[in-house]
Amino acid sequence: MSLNIKPLSDRVLIEPVAAETQTASGIFIPDTAKEKPQKGIVVAVGNGTKDHDMTVKVGDTVLYGKYAGTELKFEGKDYLIMKEEEIFAVL
């Protein structure tokens, strides 16, 4: 995937994974009850800072906080841009 967005410094661009529409037991979740996804795929990574090298790379699946990052829409898709320190884990 090629994007024209290049995050600066220690920022990461993430494409959130779609929220579940059905529970494990088969119950469908309405749009109003869906929780904000906390998992996504790294689409672009900044260069880091002089004190901090980036540990995530493009293509990594990551977990992040529910209210982490800044939402943005680019070419019809939703993305989150956040500092690498707001990422909890790489799956």
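Report on the accompanying structure. All values reported here derive from a predicted model rather than from experimental measurement.

Things to note about the pattern of salt bridges
It is possible for side chains of opposite charge to pair when their charged atoms get near one another. Overall, the coordinates contain four salt bridges when judged by the stated rule. Between D10 and R11 there is a salt bridge whose closest N-O contact spans 3.8 Å. A relative accessible area of 34% places R11 in the partly exposed class. Here E15 ties to K77 by a salt bridge, and the two come within 3.7 Å at their closest N and O atoms.

What about unusual backbone geometry?
Positive phi, normally seen in glycine, also occurs at S9, with a value near 50°. On the secondary structure map, S9 appears in the segment before strand 1 (11-16). On the accessibility criterion, S9 (29% relative accessible area) is partly exposed. Located in the positive-phi region is E75, a residue other than glycine, with phi close to 50°. When you line up the elements, E75 lands in the loop between strand 4 (70-74) and strand 5 (77-83). Assessed through its relative accessible area of 64%, E75 is described here as exposed.

Some points on the environment of G46
One can find G46 in the loop between strand 2 (39-45) and strand 3 (61-64). Look past the residues within four positions of G46 in its chain and what remains in contact with it is K6, P7, S9, R11 and M54.

Some points on the side chain of D60
Looking at the secondary structure, you find D60 in the loop between strand 2 and strand 3. One polar contact links the side chain of D60 to the main-chain amide nitrogen of K57, over a distance of 3.0 Å. If near-sequence neighbours (up to four positions away) are discounted, D60 is found in contact with G40, I41, V42 and V90.

How each quantity is defined
- Residues numbered from 1 in each chain as written.
- Predicted model: local features only at pLDDT ≥ 70, side-chain atom pairs only at ≥ 80, totals over all residues.
- Heavy atoms only, no water.
- Salt bridge = Lys/Arg side-chain N within 4 Å of Asp/Glu carboxyl O.
- Buried < 20%, exposed > 50% of the residue type's maximum accessible area, 1.4 Å probe, protein only.
- Helix = DSSP H or I, 4+ residues; strand = E, 2+ residues; numbered from the N terminus.
- Contact = heavy atoms within 4.5 Å.
- Polar contact = N/O pair within 3.5 Å; in protein donor to acceptor, adjacent residues only side chain to side chain.

On their own, these measurements won't tell you what the molecule is for.
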